[in-house]
Amino acid sequence: MMKRDVVFPPGRQALYEKNRYSPAVRANGLLFVSGQVGSRDDGSPEPELGAQVRRAFDNLNAILAAAGCTFDDVQDVTIFIVNPEANFQRIWDIVQADHWGVAPHPTVTAVGVTWLYGFDFEIKVVARLPEA
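As the structure is a prediction and not an experimental result, all values here were calculated from the model.

Undergrad: How should I be thinking about the overall build of the protein chain in this particular structure?
TA: On a plain count of helices and strands, the protein chain comes out with three helices and six strands. Counting helices and strands in the order they occur from the N terminus, the protein chain gives β-α-β-β-α-β-α-β-β. In terms of C-alpha radius of gyration, the protein chain reaches 14 Å, essentially the compact-globule figure of 14 Å for 132 residues. For the protein chain, the C-alpha atoms occupy an extent of roughly 45 × 35 × 25 Å along the three principal directions. Looking at the 132 residues of the protein chain, the share that counts as buried comes to 42%.

Below is the structure:
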């Protein structure tokens, strides 16, 4: 069995070990990033939706940077939203204004969910690793 090539962002390895998952795995020229939420360093959620979305992107960008990537390398995005009827437009406005970058944009799948372990937003991505 081949050992996974795991990427850890600085300062959060204990949180991932506690919850028993890899933040990201490199494989075949791609980076598969686990769903990122708006968690503080201790794992607790930011209390306000906008702060959660921004923190989720901060957490995502830390993982991307640890792998030598930026959001421009992201090819596919899946977002999960609690109460999408009420929250989608607010989240999308924050995402597009602050984090999305310029066209061409990655593919996106948005999924409405009923529960995210106390969070209201989660983002998971697949990115292309830079060529060595």
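Undergrad: Where do I start with the pattern of salt bridges in this structure?
TA: Where side chains of opposite charge bring their charged atoms close, a pairing between them can arise. On inspection of all chains with the given rule, the structure shows six salt bridges. Ionic pairing is found between Arg 55 and Glu 46, a salt bridge with its closest N-O pair at 2.8 Å. One network of salt bridges, with partners in common, ties together Arg 40, Glu 46 and Arg 55.

Undergrad: Looking at this structure, I do not really get the packing of helix 2 (residues 49-66) against helix 3 (residues 84-98). What am I missing?
TA: Two packed helices can be described by the angle between their axes and the distance between those axes. Packing of helix 2 against helix 3 brings their axes to within 10 Å, and their N-to-C directions diverge by 45 degrees. As the angle between them shows, helix 2 and helix 3 are arranged oblique. The element helix 2 and its partner helix 3 pack so that their crossing is right-handed. In contact with Leu 49, Gly 50, Val 53, Arg 54 and Phe 57 of helix 2, helix 3 contributes Asn 87, Arg 90, Ile 91, Ile 94, Val 95 and Asp 98. Here the residues of the contact of helix 2 with helix 3 sort into six nonpolar, two polar and three charged.

Undergrad: Looking at this model, I keep getting lost on helix 2. Mind explaining?
TA: Two residues of an α-helix separated by three or four positions point the same way, owing to the 3.6 residues in each turn. The end-to-end C-alpha distance of helix 2 is 26 Å, a good match for the 26 Å that 18 residues give at a rise of 1.5 Å each. Downstream of helix 2 by a residue or two, Gly 68 has a phi angle that is positive, lying close to 85 degrees.

Undergrad: I tried to follow the side chain of Ser 39 on my own but got confused; where do I start?
TA: Relative to the helices and strands, Ser 39 is located in the loop between strand 3 (30-37) and helix 2. Ser 39 gets classed as buried once you look at its relative accessible area, which sits at 5%.

Undergrad: Would you mind showing me how to read the nonpolar core here?
TA: Inside soluble globular proteins, nonpolar side chains tend to come together where they are buried. If you look at the biggest cluster of nonpolar residues, it comprises 29 residues, and the most contacted ones within it are Leu 31, Phe 57, Leu 64, Phe 121 and Ile 123. Put simply, the parts of the chain that give this core at least two residues each are strand 3, helix 2, strand 4 (74-82), helix 3 and strand 6 (121-128). No other element matches the seven residues that helix 2 contributes to this core. Counting residues in each nonpolar core, the second largest holds six residues, with Val 37, Phe 80, Val 113 and Phe 119 among its members.

Undergrad: Is there a simple way to explain the layout of surface pockets in this structure?
TA: The rolling of a water-molecule-sized probe over the atoms marks out the regions of remaining empty space. In this structure, the largest pocket spans a volume of roughly 350 Å³. Lining the largest pocket are 17 residues, with Asn 19, Tyr 21, Val 37, Tyr 117 and Phe 119 positioned closest to its centre. Listing elements by their share of the lining of the largest pocket, those giving two or more residues are helix 1 (13-19) and strand 3. Residue contributions to the lining of the largest pocket peak at four residues, all from helix 1. Here the lining of the largest pocket is built from residues that sort into eight nonpolar, six polar and three charged.

Undergrad: How do you make sense of the packing of aromatic side chains when you look at a structure like this?
TA: Where two aromatic rings form a pair, the distance of their centres and the angle of their planes describe that pair. Taken as a whole, this structure holds six aromatic pairs when the rule is applied. Relative to Phe 121, the ring of Phe 57 lies with its centre 6.4 Å away and its plane at 20 degrees, an arrangement referred to as stacked. Separated by 64 residues along the polypeptide, Phe 57 in helix 2 and Phe 121 in strand 6 bring together distant segments of the chain. Among the aromatic residues, ring-to-ring pairing joins Phe 57, Phe 71, Phe 88, Trp 92, Trp 100 and Phe 121 into one connected group.

Parameters and conventions
- Residues numbered from 1 in each chain as written.
- Predicted model: local features only at pLDDT ≥ 70, side-chain atom pairs only at ≥ 80, totals over all residues.
- Heavy atoms only, no water.
- Helix = DSSP H or I, 4+ residues; strand = E, 2+ residues; numbered from the N terminus.
- Rg over C-alpha atoms; globule rule 2.2 N^0.38 Å.
- Buried < 20%, exposed > 50% of the residue type's maximum accessible area, 1.4 Å probe, protein only.
- Salt bridge = Lys/Arg side-chain N within 4 Å of Asp/Glu carboxyl O.
- Axes fitted to C-alpha atoms, helices over the stretch in contact; angles between N-to-C directions.
- Parallel < 35°, antiparallel > 145°, perpendicular 65-115°, else oblique.
- Left-handed = near helix turned anticlockwise from the far one by under 90°.
- Contact = heavy atoms within 4.5 Å.
- Nonpolar A, V, L, I, M, F, W, Y, C, P; charged D, E, K, R; others polar.
- Expected span 1.5 Å × (residues − 1).
- Core = buried A, V, L, I, M, F, W, Y, C linked by side-chain atoms within 4.5 Å.
- 1 Å grid on protein atoms, 1.4 Å probe; cavity = no way out; pocket = protein on both sides within 12 Å on 5 of 7 lines; lining within 4 Å.
- Points joined across faces, edges and corners; volume = space filled by probe spheres on them.
- Phe/Tyr/Trp six-rings, centres within 6.5 Å; stacked < 30°, edge-to-face > 60°.

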